[in-house]
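# Structural characterization, general
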Amino acid sequence: GSPTKIDVTCNQPVNLTVSAPIQIAGPQFTPVSAVATVTTLSGNSTKFGDAPLALPAGTTALSINFSIDKGRSLRAGNYSYTVKFTVVP
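Notes on the structure follow. (Residues numbered from 1 in each chain as written. Predicted model: local features only at pLDDT ≥ 70, side-chain atom pairs only at ≥ 80, totals over all residues. Heavy atoms only, no water.)

## Observations regarding the overall build of the protein chain
When helices and strands are tallied, the protein chain shows zero helices and nine strands. Considered along the principal axes of its C-alpha atoms, the protein chain spans approximately 45 × 20 × 20 Å. Across the 89 residues of the protein chain, 27% fall into the buried class. As displayed, the protein chain has an accessible area near 5800 Å², and 51% of this comes from carbon and sulfur atoms. (Helix = DSSP H or I, 4+ residues; strand = E, 2+ residues; numbered from the N terminus. Buried < 20%, exposed > 50% of the residue type's maximum accessible area, 1.4 Å probe, protein only. Areas by Shrake-Rupley, 256 points an atom, 1.4 Å probe, with all protein chains shown as cover.)

Spelled out as structure tokens, the structure:
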């Protein structure tokens, strides 16, 4: 799929971390790997488990992408996922 793009506006410099993808709909399974990645236009990135990504004050465009690996083929169905961000000044 295509990454999701959002703009984040901060009043001061912050550090952003991202959670692993969280399944919110579809046939349930336990993935062998689930990784979310956040990238800025300048090429800086962070993924689940990495050190926080420093964002400056102002508006920063983010691209959010993730991959889920079940270890074998998925059962037919509609799957939905979300990620959570933690922002610390």
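That covers the picture; the talk isn't over yet.
## Notes on the sheet that holds strand E9 (residues 85–88)
What the three strands build is an open sheet, ordered E6-E2-E9; its pairing is antiparallel. Either end of the sheet is taken by a strand with one partner, and the two such strands are strand E6 (53–55) and E9. On average, each strand axis in the sheet is tilted by 30° relative to the strand beside it, whichever way the strands run. Examined bridge by bridge, strand E2 (residues 14–18) and E9 share four bridges and lie antiparallel to one another. Looking across to E9, one finds that valine 18 is bridged to phenylalanine 85. (Pairing = 2+ DSSP bridges. Axes fitted to C-alpha atoms, helices over the stretch in contact; angles between N-to-C directions.)

## Section: the nonpolar core
Val8, Cys10, Val14, Leu16, Val18, Ala36, Val38, Leu53, Leu55, Leu62, Ile64 and Val83 together form the largest nonpolar core, which totals 12 residues. Every element with two or more residues in this core is listed here: strand E1 (4–10), E2, strand E4 (33–40), E6 and strand E7 (58–69). Looking at which element gives the most residues to this core, the answer is E2, with three residues. (Core = buried A, V, L, I, M, F, W, Y, C linked by side-chain atoms within 4.5 Å.)

## Here we look at the side chain of glutamine 23
Relative to the helices and strands, glutamine 23 is located in strand E3 (residues 22–25). When its relative accessible area of 17% is taken as the criterion, glutamine 23 is described as buried. Only 3.4 Å separates the side chain of glutamine 23 from the backbone oxygen of glycine 26, close enough to count as a polar contact. There is a polar contact of 3.0 Å between the side chain of glutamine 23 and the backbone oxygen of proline 27. The residues contacting glutamine 23, other than those within four sequence positions of it, are Gln28, Phe29, Tyr79, Ser80 and Tyr81. (Polar contact = N/O pair within 3.5 Å; in protein donor to acceptor, adjacent residues only side chain to side chain. Contact = heavy atoms within 4.5 Å.)

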